Amino acid sequence: MTRLDPRDIEILRVLAQDGRITKAALAERVGLSPTPCWERLRKLERAGLIAGYGARFNLRKLGPSVTVFVAAELEGHTAAHFQTFERAVALHDEITACWSLGGGFDYLMQVVTPDIDSYQRLIDSLLEARVGLARYYTYIVTKTVKDGAPPPFDVLLGGEG
């Protein structure tokens, strides 16, 4: 675990809100001169705390879409079962996120498709491919209430920062 001081945490906060900020503007926002700020940023990247940079998209502007969460149970619980399923998930761009869970379900997947018919074709293809999917439960997103919030740095770091 990398030890973070309040300036490092502030760099992470600013980047979580604005990943396109210039290095000079970042330095100004966190109260550092550009060179020390850039060195801290590189340290955070090298430590793997910053996994990457990207954009968030307004899917409504792209065209019709539906977001579905799928709770999945596998037929078996050996390493081979999990690996087979995970390899299949990686092949489908419509599955935009997938988490392995402890508890009742084995996986939670986020799926984005143009419509429900496309979603069902994806599920049918997974079932036909015999990737170990025993049961699945579909939850259709009807409204986004909160999305893309930065992590709660203060909570995660025990009140630091």
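Since we're looking at a predicted model, the values are computed, not measured.

**Q** Please clarify how the layout of surface pockets should be interpreted in this entry.
**A** Rolled over the atoms, a probe as big as a water molecule pinpoints where empty space is left. Roughly 960 Å³ of volume is contained in the largest pocket. Lining the largest pocket we find 24 residues, and of these Leu59, Thr67, Gln110, Thr144 and Asp147 sit closest to its centre. The set of elements that each furnish at least two residues to the lining of the largest pocket consists of helix 4 (59-62), strand 1 (66-74), strand 2 (95-100) and strand 3 (107-113). The residue inventory of the lining of the largest pocket, partitioned by class, reads 10 nonpolar, 9 polar and 5 charged. Within this model, the second largest pocket holds a volume of roughly 810 Å³. What lines the second largest pocket is a set of 27 residues, among which Leu12, Ala16, Leu49, Pro151 and Phe153 lie closest to the centre. Of all the secondary-structure elements, those providing two or more residues to the lining of the second largest pocket are helix 1 (6-17) and helix 7 (153-156). It is helix 1 that provides the largest number of residues to the lining of the second largest pocket, a total of 4 residues. Broken down by class, the residue content of the lining of the second largest pocket amounts to 16 nonpolar, 6 polar and 5 charged.

**Q** Would you explain the UniProt feature "domain: HTH asnC-type" (unreviewed entry) in the protein in this entry?
**A** According to UniProt, the positions carrying the feature "domain: HTH asnC-type" (unreviewed entry) are residues 4-65. Span residues 4-65 is 60% helix and 0% strand, its end C-alpha atoms 40 Å apart.

**Q** How should I be thinking about the packing of helix 1 against helix 3 (residues 34-46) in this particular structure?
**A** Think of two packed helices as two axes; the pair is described by the angle between the axes and how far apart they sit. Two elements in contact, helix 1 and helix 3, have axes separated by 10 Å at closest approach and are oriented at 80 degrees. Classified by the interaxial angle, the pair formed by helix 1 and helix 3 is roughly perpendicular. Between helix 1, through Arg7, Asp8, Ile11, Leu12 and Leu15, and helix 3, the contact on the second element is made entirely by Cys37, Arg40, Leu41, Lys43 and Leu44.

**Q** Could you clarify how one ought to interpret the domain arrangement of the protein in this entry?
**A** Buried accessible area, meaning the area lost when the parts come together, often serves as the stated size of an interface. For the protein, the assigned domains are domain 1 (6-55) and domain 2 (59-140). One C-alpha centre belongs to domain 1, the other to domain 2; they are set 34 Å apart.

**Q** Is there a simple way to explain the environment of Leu15 in this structure?
**A** Note that Leu15 resides in helix 1. A sequence separation of 122 residues divides Leu15 from Tyr137, and the C-alpha atoms of the two residues are 36 Å apart. Excluding anything up to four places from it in sequence, Leu15 contacts Ile21, Leu26, Leu41, Ile50 and Tyr53.

**Q** How should the sheet that holds strand 2 be read in this particular structure?
**A** Pairing between the strands of a sheet comes from backbone hydrogen bonds, and it takes one of two forms, parallel or antiparallel. If you trace the 4 strands from one edge of the open sheet to the other, you get 2-3-1-4, paired in antiparallel fashion. Sheet topology places strand 2 and strand 4 (133-140) at the edges, where each strand pairs with a single neighbour. Sheet twist, expressed as the average angle between the axes of neighbouring strands with direction ignored, equals 20 degrees. Of the strand pairs in this sheet, strand 1 and strand 3 are connected by 7 bridges, and their pairing is antiparallel.

**Q** Any chance you could explain the pairing of strand 2 here in plain terms?
**A** Bridging between strand 2 and strand 3 involves 5 bridges; their strand directions are antiparallel. Note that in strand 3 the partner of Ser100 across the bridge is Tyr107. Adjacent in sequence and paired antiparallel, strand 2 and strand 3 are bridged by 6 residues, among which Gly103 carries a positive phi angle near 120 degrees.

**Q** I would appreciate a short explanation of the side chain of Asp106 in the present structure.
**A** As for its position among the elements, Asp106 is in the loop between strand 2 and strand 3. In this structure, Asp106 is buried with no salt-bridge partner, the nearest side chain bearing the opposite charge being Arg135 at 7.5 Å. Polar side-chain contacts of Asp106 include one of 2.7 Å to the backbone nitrogen of Leu74. Setting aside its immediate chain neighbours within four residues, Asp106 contacts Ala72, Glu73, Leu74, His77, Phe82, Trp99, Ser100 and Leu101.

The rules behind these values
- Residues numbered from 1 in each chain as written.
- Predicted model: local features only at pLDDT ≥ 70, side-chain atom pairs only at ≥ 80, totals over all residues.
- Heavy atoms only, no water.
- 1 Å grid on protein atoms, 1.4 Å probe; cavity = no way out; pocket = protein on both sides within 12 Å on 5 of 7 lines; lining within 4 Å.
- Points joined across faces, edges and corners; volume = space filled by probe spheres on them.
- Helix = DSSP H or I, 4+ residues; strand = E, 2+ residues; numbered from the N terminus.
- Nonpolar A, V, L, I, M, F, W, Y, C, P; charged D, E, K, R; others polar.
- UniProt positions renumbered as here; feature names shortened; annotations may be inferred.
- Axes fitted to C-alpha atoms, helices over the stretch in contact; angles between N-to-C directions.
- Parallel < 35°, antiparallel > 145°, perpendicular 65-115°, else oblique.
- Contact = heavy atoms within 4.5 Å.
- Domains from an automatic or database assignment.
- Pairing = 2+ DSSP bridges.
- Buried < 20%, exposed > 50% of the residue type's maximum accessible area, 1.4 Å probe, protein only.
- Lys, Arg positive; Asp, Glu negative; His and termini not counted.
- Salt bridge = Lys/Arg side-chain N within 4 Å of Asp/Glu carboxyl O.
- Polar contact = N/O pair within 3.5 Å; in protein donor to acceptor, adjacent residues only side chain to side chain.

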